[in-house]
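Analysis of the macromolecular model
Here is what each chain is made of, one letter per residue.
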Amino acid sequence: MNQAWASALTQSVYQVFEGLCFMLPQPSVPPPGTNGVALADLPRGSVAVAVEFIGPAEGTLWISVAPSMLAPIASAMLGDDDVESETVQQDALRELANIVCGNVLPLIAGGQAVFDLMSPRILALGEELPSGDANVRVALEEGEVDASLRFRVLSKKGAA
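Residues numbered from 1 in each chain as written. Predicted model: local features only at pLDDT ≥ 70, side-chain atom pairs only at ≥ 80, totals over all residues. Heavy atoms only, no water.

1. Here's the deal with the side chain of Ser12
Under the convention used in this document: The secondary structure listing takes helices from DSSP runs of H or I that are at least 4 residues long and strands from runs of E that are at least 2 residues long, numbered from the N terminus. Residue contacts are counted whenever heavy atoms from the two residues lie within 4.5 Å of one another.
Along the polypeptide, Ser12 turns up in helix α1 (residues 3-21). Aside from chain neighbours lying at most four places away, what touches Ser12 is Val100, Asn103, Val104 and Leu107.

Laid out in structure tokens, this is it:
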């Protein structure tokens, strides 16, 4: 695991949960390895979202949370105490992952690097999570958040 990337990922997760969700993150035990782990095997039947990106590097950011965290996340983001729609709750998680991804990439690749982020998607139950280069677990009062980043620098074509 790349410690510098894990530190950047931790910083991004903290900033987004504090600033967007008004939740106070605390360090937690490291997440289980994500190499070949099915989504169904993540803690408490977690709901996971993936954001793929491409630019000077390509990769994927994953964030997973317990299903019980979806409503509090959506409520905090929308300023509405009664967000019952599962679609709205999942949309909030997708947007949260998109923002974490947008925050972590400049910390790793530098502020001048330009990335294209794909639309975040909720992973299907049983979908495999590839191995991440950086994995973090953050504890919140509402539950734990697992985040993983796969980051592959693209070789420059035509370089000698």
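2. Looking at a negative patch on the surface
Rules: Like-charged residues within 9 Å of one another, or nonpolar side chains (Val, Leu, Ile, Met, Phe, Trp, Tyr) within 5 Å, are grouped into patches, provided each residue has over 30% relative accessible area and no salt bridge. Each accessible area value is a Shrake-Rupley result obtained with a 1.4 Å probe; residue values ignore everything except the protein chains displayed when judging cover. We define a salt bridge as a contact between a side-chain nitrogen of Lys or Arg and a carboxyl oxygen of Asp or Glu at a distance within 4 Å. Only four residue types enter the charge count, namely Lys and Arg as positive and Asp and Glu as negative; His and the chain termini do not. Working definition for charges: the position is that of NZ of Lys, CZ of Arg, CG of Asp or CD of Glu.
A surface patch of like charges, here negative, comprises Asp80, Asp81, Asp82 and Glu84. Along the chain, Glu84 turns up in the loop between α2 (70-78) and α3 (86-109).

3. Comments concerning the confidence of the model for the protein
Convention followed: pLDDT measures how confident the predictor is about each residue, on a scale from 0 to 100.
Chain-level statistics for the protein give a pLDDT mean of 86 and a share of 86% at 70 or above. Taken as a whole, residues 34-38 scores under 50 in pLDDT and shows 17 contacts with residues more than four places along the chain or in a different chain.

4. A word on the nonpolar core
For clarity, the cut-off: Nonpolar cores are built from buried Ala, Val, Leu, Ile, Met, Phe, Trp, Tyr and Cys residues. Side-chain atoms within 4.5 Å join them into one set. Only protein chains enter the calculation, and the probe is 1.4 Å; a residue is then buried if its accessible area is under 20% of its type maximum, exposed if over 50%, and partly exposed in between.
Formed by 38 residues in total, the largest nonpolar core has its most connected members in Leu9, Phe17, Ile63 and Phe151. Going through the elements one at a time, α1, β3 (47-54), β4 (57-65), α2, α3, β8 (134-140) and β9 (143-153) are the ones with two or more residues in this core. Within the second largest apolar cluster, five residues are counted, among which are Ala50, Trp62, Leu123 and Leu129.

5. Points about the packing of α2 against α3
Packed helices, taken two at a time, are described by the angle their axes make and the gap between the axes. Which entries qualify depends on this criterion: Only the stretch in contact is used when a helix axis is fitted, and all axes are lines through C-alpha atoms; the angle between N-to-C directions ranges over 0 to 180 degrees. To sort the angles, those under 35 degrees are grouped as roughly parallel, those over 145 as roughly antiparallel, those from 65 to 115 as roughly perpendicular, and the leftovers as oblique. Note on residue classes: Ala, Val, Leu, Ile, Met, Phe, Trp, Tyr, Cys and Pro are nonpolar, Asp, Glu, Lys and Arg are charged, and everything else, Gly too, is polar.
For the pair α2 and α3, the least separation of the axes is 8 Å and the interaxial angle reads 75°. Taken as axis vectors, α2 and α3 run roughly perpendicular relative to one another. Residues Leu70, Ala71, Ile73, Ala74, Met77 and Leu78 of α2 touch α3, and the partners they reach there are Val88, Gln89, Ala92, Leu93, Glu95 and Leu96. Taken together, the residues of the contact of α2 with α3 sort by class into 10 nonpolar, one polar and one charged.

6. A closer look at the pattern of salt bridges
All chains considered together, the criterion is met by four salt bridges. Put simply, Arg94 and Asp91 hold a salt bridge, and the shortest N to O gap is 2.7 Å. Placement of both Arg94 and Asp91 in helix α3 is noted, with a separation of three residues, approximately one turn of the helix. On the accessibility criterion, Asp91 (37% relative accessible area) is partly exposed. Taking the shortest distance from any N to any O, the salt bridge between Arg152 and Asp133 comes out at 2.6 Å. Pair noted here: Arg152 is in strand β9 and Asp133 is in the loop between β7 (128-129) and β8, with a separation of 19 residues, a long-range link. Using a relative accessible area of 39% as the deciding quantity, one classes Arg152 as partly exposed.

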